[in-house]
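Chain and residue survey
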Amino acid sequence: MALIDVRDLVWGFSQPPLLDHITFQIEKGERLCLVGRNGAGKSTLLKLLSGEILPDSGEICRQQGLTVASLDQVVPQEFAGTIFEVVAGGRSPNGPALVETHRIETILSQTHLPPDVQFADLSAGLK
């Protein structure tokens, strides 16, 4: 069974719709890349796949227990401090702090980020 099965999906503000009767499947282990000009529907498709917005018609079937997540295109400006401090701060500037130093060091090791570099100095992609 596919992780996500999209059938005859339609979504749009006007005619023709932005997404017009698209059908595809995403199988376990596949790697995907969405490429297109601004306004082509890439972000909209991701919002539909995550359930953030609903299609005008068609259906999106997700494998039971599947979680679809995405990162916002806008990099938060309010984070300050070193990479270690930002990671230790949790998911948002006011979020719960990660108090376990070992857990923070594991996250930084897995992402290959230097803990003592200022968060503001990172490129948008690294942020």
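So, here's what we can say about the structure. (Residues numbered from 1 in each chain as written. Predicted model: local features only at pLDDT ≥ 70, side-chain atom pairs only at ≥ 80, totals over all residues. Heavy atoms only, no water.)

1. Considering the pattern of salt bridges
Summed over the entire model, instances satisfying the criterion amount to two salt bridges. For the salt bridge of D5 with R7, the shortest nitrogen-to-oxygen distance reads 2.6 Å. The exposure class assigned to D5 is buried, which follows from its relative accessible area of 13%. One salt bridge connects R7 with E59, and the closest N-O pair in it is separated by 2.9 Å. Taken together, the residues span a long stretch of sequence, with R7 in strand β1 (residues 4-11) and E59 in strand β3 (residues 57-62) at a distance of 52 residues. Residue classification places R7 among the partly exposed residues on the basis of a relative accessible area of 36%. (Salt bridge = Lys/Arg side-chain N within 4 Å of Asp/Glu carboxyl O. Buried < 20%, exposed > 50% of the residue type's maximum accessible area, 1.4 Å probe, protein only. Helix = DSSP H or I, 4+ residues; strand = E, 2+ residues; numbered from the N terminus.)

2. Re the packing of aromatic side chains
Throughout the structure, instances matching the rule amount to two aromatic pairs. A centroid spacing of 4.9 Å and a plane angle of 75° characterise the contact between W11 and F13, whose relative ring orientation is edge-to-face. Residue classification places F13 among the exposed positions, given a relative accessible area of 77%. Ring centres of F79 and F119 lie 5.7 Å apart, and the angle between their planes is 70°; this geometry places the pair in the edge-to-face category. (Phe/Tyr/Trp six-rings, centres within 6.5 Å; stacked < 30°, edge-to-face > 60°.)

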